[in-house]
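# Remarks on the overall topology
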There are 2 protein chains.
Amino acid sequence: MVNNQTFFDKLFHPKSVAIIGASAKLQKFGSRYLDALLNFGFKGKIYPVNPTTSEILGLKCYKSVKEIPDTVDVAFISVPAHLVPKVVMDCVDKKINFIVVFSSGFSETGLEEGKKLEEELLKIVKGGFTRLIGPNCFGVYCPGGGLTLLPGADFPRESGSVAFISQSGGLAERFCIYARSLGLRFSKVVSYGNALDINESDLLEYLIKDPETRIIAMYIESIKDSKRFMKLIKEAARVKPVVIWKGGLTEVGSKAAKSHTGAIAGKKEIWHAFFRQTGAIKAEGLEDLVDISLIFQLFSKPCGRNVAIICVGGGMAVASADACEIYGLKVPDFQPETVEKIKMLAQPVGVSLRNPVDLGSPFTPPEAYQEILKIAALDPKIDVLMVLVWHLPLFYGEKTFVDEDFAKKTFEAPIYVKNSIKKPIILILYETPLELEMLNAEKVRREIKNKHIEVGIPVYPNIERAARALAKFIEYHEFLRRNS
Amino acid sequence: MVNNQTFFDKLFHPKSVAIIGASAKLQKFGSRYLDALLNFGFKGKIYPVNPTTSEILGLKCYKSVKEIPDTVDVAFISVPAHLVPKVVMDCVDKKINFIVVFSSGFSETGLEEGKKLEEELLKIVKGGFTRLIGPNCFGVYCPGGGLTLLPGADFPRESGSVAFISQSGGLAERFCIYARSLGLRFSKVVSYGNALDINESDLLEYLIKDPETRIIAMYIESIKDSKRFMKLIKEAARVKPVVIWKGGLTEVGSKAAKSHTGAIAGKKEIWHAFFRQTGAIKAEGLEDLVDISLIFQLFSKPCGRNVAIICVGGGMAVASADACEIYGLKVPDFQPETVEKIKMLAQPVGVSLRNPVDLGSPFTPPEAYQEILKIAALDPKIDVLMVLVWHLPLFYGEKTFVDEDFAKKTFEAPIYVKNSIKKPIILILYETPLELEMLNAEKVRREIKNKHIEVGIPVYPNIERAARALAKFIEYHEFLRRNS
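Residues numbered from 1 in each chain as written. Chains lettered and ligands numbered in written order. Predicted model: local features only at pLDDT ≥ 70, side-chain atom pairs only at ≥ 80, totals over all residues. Heavy atoms only, no water.

Scanning the entire structure with this criterion turns up 58 aromatic pairs over all chains. Where A:Phe7 meets A:Phe98, the ring centres are 4.7 Å apart and the plane angle is 45°; that geometry is what we call tilted. You can see A:Phe7 sitting in helix H1 (residues 4-12) and its partner A:Phe98 sitting in strand S6 (residues 98-101), a full 91 residues away along the chain. Residue class for A:Phe7 comes out buried when judged on its relative accessible area of 13%. Following the ring pairs from residue to residue traces out a cluster consisting of A:Phe40, A:Tyr141, A:Phe155, A:Phe164, A:Phe175 and A:Phe186. In this structure, B:Lys60 is placed above the aromatic ring of B:Tyr62, and the distance from its NZ or CZ to the ring centre is 4.9 Å. The ring of B:Phe12 carries the charged tip of B:Lys188 above its face, separated from the ring centre by 5.6 Å. (Phe/Tyr/Trp six-rings, centres within 6.5 Å; stacked < 30°, edge-to-face > 60°. Helix = DSSP H or I, 4+ residues; strand = E, 2+ residues; numbered from the N terminus. Buried < 20%, exposed > 50% of the residue type's maximum accessible area, 1.4 Å probe, protein only. Lys NZ or Arg CZ within 6 Å of the ring centre and 35° of its normal.)

Residues and elements named next belong to chain A. Between its first and last C-alpha atoms helix H11 (residues 314-326) spans 18 Å; for 13 residues at 1.5 Å apiece the expected length is 18 Å, and the two agree. Buried within H11 we find Gly314, Gly315, Met316, Ala317, Val318, Ala319, Ser320, Ala321, Asp322, Ala323 and Cys324. Remark: Gly328 follows H11 within two positions and exhibits a positive phi of approximately 90°. (Expected span 1.5 Å × (residues − 1).)

This part takes up the interface of chain A and chain B. Accessible area lost when the parts come together is the quantity often used to give the size of an interface. Of the residues lining the interface, 74 residues belong to chain A; the matching set on chain B comes to 74 residues. Around 6000 Å² of area is buried between chain A and chain B when both sides are counted, 56% of it from carbon and sulfur atoms. Sorting the residues of chain A by area buried against chain B places A:Arg174, A:Leu434 and A:Arg446 first, and these three jointly supply 13% of that buried surface. A:Arg446 is paired through a salt bridge with B:Glu442; the nearest N and O atoms lie 3.4 Å apart. (Contact = heavy atoms within 4.5 Å. Buried area = accessible area lost by both parts, 1.4 Å probe. Salt bridge = Lys/Arg side-chain N within 4 Å of Asp/Glu carboxyl O.)

Let us look at the relation of the copies chain A and chain B. For the pair chain A and chain B, the relating rotation is 180°, the translation along its axis is 0.0 Å, and the fit reaches an RMSD of 0.0 Å. The two molecules are tied by a two-fold rotation axis, judged by turn and shift. The C-alpha atom lying nearest the rotation axis in chain A is that of A:Leu439; the distance is 3.8 Å. When the interface residues of chain A are mapped onto chain B, 100% of them again fall at the interface, so both copies present the same face. (Least-squares fit on C-alpha atoms with pLDDT ≥ 70 in both.)

All names here are of chain A. Looking at where Asp90 falls in the secondary structure, it is placed in helix H3 (residues 84-93). Separated by 30 residues in the primary sequence, Asp90 and Lys60 have C-alpha atoms spaced 19 Å apart. Among all residues touching Asp90, those that are not within four sequence positions of it are Ser64, Val65 and Lys66.

Residues and elements named next belong to chain B. Spatial ordering of the open sheet is given by S2-S1-S5-S6-S7, a layout of five strands whose pairing is parallel. The open sheet is flanked by strand S2 (45-49) and strand S7 (131-133), the only strands paired with a single partner. Put simply, the sheet's adjacent strands are angled 20° from each other on average, direction ignored. The pairing of strand S5 (residues 74-77) with strand S6 (residues 98-101) spans four bridges and is parallel. Residue Ala75 lies in a different strand from S6, and its bridge partner there is Ile99. (Pairing = 2+ DSSP bridges. Axes fitted to C-alpha atoms, helices over the stretch in contact; angles between N-to-C directions.)

This paragraph deals with unusual backbone geometry. For the bond running from A:Gly134 to A:Pro135, omega is -5°, close enough to zero to count as cis. As for its placement among the helices and strands, A:Pro135 is situated in the loop between strand S7 (131-133) and strand S8 (139-141). Going from B:Asn355 to B:Pro356, the amide bond is cis rather than trans, its omega being -5°. Take B:Pro356: it is sitting in the loop between helix H12 (336-343) and strand S15 (357-358). With a phi close to 50°, A:Leu57 is a non-glycine residue in the positive phi region. Take A:Leu57: it is sitting in the loop between strand S3 (55-56) and strand S4 (59-60). With a relative accessible area of 39%, A:Leu57 lands in the partly exposed category. In this structure, B:Asn136 is a non-glycine residue whose phi angle is positive, near 65°. Here B:Asn136 is to be found in the loop between S7 and strand S8 (139-141).

Moving on, we get to the pattern of salt bridges. On inspection of all chains with the given rule, the structure shows 56 salt bridges over all chains. Between A:Lys255 and B:Asp333 there is a salt bridge, with its nearest N and O atoms 2.8 Å apart. A residue pair is termed interchain when its members come from two chains, as with A:Lys255 in helix H8 (residues 251-261) and B:Asp333 in the loop between helix H11 (314-326) and H12. Among the residues examined, A:Lys255 registers a relative accessible area of 26% and is labelled partly exposed. A residue is classified by how much of its surface remains accessible, and B:Asp333, at 35% relative accessible area, is partly exposed. Two residues, B:Glu442 and B:Arg445, come together in a salt bridge whose shortest N-O distance is 3.0 Å. Of the two residues, B:Glu442 and B:Arg445 both sit in helix H17 (residues 439-454), three residues apart, roughly one turn of that helix. B:Arg445 carries the same exposure label as B:Glu442, and that label is buried. Bridged by salt links that share partners, the residues A:Glu442, A:Arg445, A:Arg446, B:Glu442, B:Arg445 and B:Arg446 form one connected network.

As structure tokens, this is what we get:
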């Protein structure tokens, strides 16, 4: 019998795929997926299937998968729900390894007809050689295998260390788009929809052993086999972080989940206990899921809770200290020598040089500013340096108060000091005001963000999100120590 | 004796001001303030004061305020701390109504010297005719009076209904910049720093009766006279919403507050009781303060808790319903007729048409989409319509799937339906992915945001912020009903 790993490798790195339901109408999901695969640069063979056409986008089209004169590793199906059972049957006959059913119109509709169709599907694949993902899903994104998700957004071609498995197709797509822009890179992403055959546990089991995956992120509304899932999550959390966003935790959310993927979302209390017991990391929403995954991607070693905060503005310092403490971080006083050293570099008045550091003015000369960051980080009490920047509009907004060299050296200060300190750094780069005149500042913000991510400095848009992600990172490593 | 209103009107609408400490060096705070006032278009007389110069920015410069051959309503002081008492003494002699002391270096330093200087200042002004704001503050922004805050960001010239009083100068500036870009407009903004003479209670007392101010927002770290403040807040909350962000609620935050404005921030528990008892609205940070103020600015009438959610994507629907319920809103089932009507307009599969509505595809024809919004809002169970939009990148991103007319009609749908339904609408316009290639989508996002704000539709970047602000709006009106 093939083991889980070899078996799933075919799903993620197929040599040949069939796209059933691709048509000349490019707005249709089947054709959009074909187009997306071609654009993404899938290297294997692609066989469009449609009984009414002989060619699509320059590729020969087959009337049925049975006519394809080749083995097929994965079939993607996008035909109306009532035609799905027949098409799946053909795939089973053809001994195709995996079927991904994009089509919706099954149990998630809540209608008898949809439930019956889904039962019919299950009978066809149950216990057989061919395994099925979906229905009602967006499929698989695996840069290493040249596969991308429906409907075909432009995802990174390079592989990364984050896997994402999602009951929701739309959220799989949004996660990838949003996370991509914050610097996340992916190993495998699977939208598994109604989880009729292959479910979250099957995918999890594979990802635990997948050497390419260092972090597992999940969006789930319900689970099919809770005992198995619980066992696997416990196993997973001991070898790599598992970050879970549970949708449908509230009563209305749970009702909505039912009509989304036919899921029974389960009691809030049960889920709270689940997070306590398993070591899985709870994410509070899409942003949180991305934020937490990002810090695990960029920080390789565990760290302590003591942060140094460097910012401009006393209110900012107060608010930042509040936010850190709320999320369980600590903002300890510096050693007296640290304060003395910073004092020699900072402006004389309007400052507070204990931790949190309020530098008073955004116009501290950049060389002094860089040195201050370094001194704060090197304080023996400090584990992590947090640098707050909200003054992009002052440097790149309507009016410019400094020259470009000054601005560049200021905003890239964390990059300059990164090599001389071995402690982790987080940049908090506040969003620019939402005005059209601020688009230049926004452009610079995005450039600065990219440069920091490239050297391994996570960037967050506010202190709350940074503190929350860092706290989850630390808590996970504490969990590992307790359970080692 | 002059009453509070007539008296403070001179602070906000001075006929003549002196700027003490303005110099030829334009980087200095005094000169920057002078420059800012000129740019902002202050219509009254401006008298720079500096014993070492005869002219600054084309204005005649006086050696001392005593030499100014005119009455002076407000003097702004920006000289080194140790010179402040002498200068203030001159202002008192000159019978200037208000002194705004920008200078820092007083009790907030925690040093004996600073505390002594502050005591000296207090002795000079205590109980006298001249009143003092600060020290260690950024002053006053009042578009109606032509005044702006230090250091001189470009604030709106038109007046609005939101007042903001802030212990922190930096946060006063950041609040105005950030809030401006989200559509907030201001009556009066005061950064009052160390609150040596004029404090939060004095300002509050004025704002309660200020006809221009409909909403009072505050950032406070500490209060000077808690009994008076409590009484005034109770009085204020009964006539207009008072939204308070309390800085320094945690232990470290409180420590930071002490070195910011010399404030004793007070126990967390006391503040919790304060919010429960007074009807003041608690904001959890700068964004929250702006979000809550915005909904009060744009929504004039009270509304109920039942929201209709229209979005694209089942996961989005689940997550939105979760967020609404967490903040105490309700997402009730529509009446059967509403669902039937929407069904005739939505695509046939991949949708969920109960509330929350998942339209399945972002490519619903805009006329049908507009009609769906209208039908959902008109359901008799619904109080507020929430429209979620995350698909800007699909329409204005790397690839464009629709023409401009389609996109425009889709994204402006809430504006189109606004006139035909009398219920409040909120647009949730998700931020675009943070990539340089997405700057065009970001530009469109900002344009769409502006257009909605203009017609009275608040715009938030995610469902959590929208739900939180709406819940606070509703809770305040419930408080008013209970206390009427």
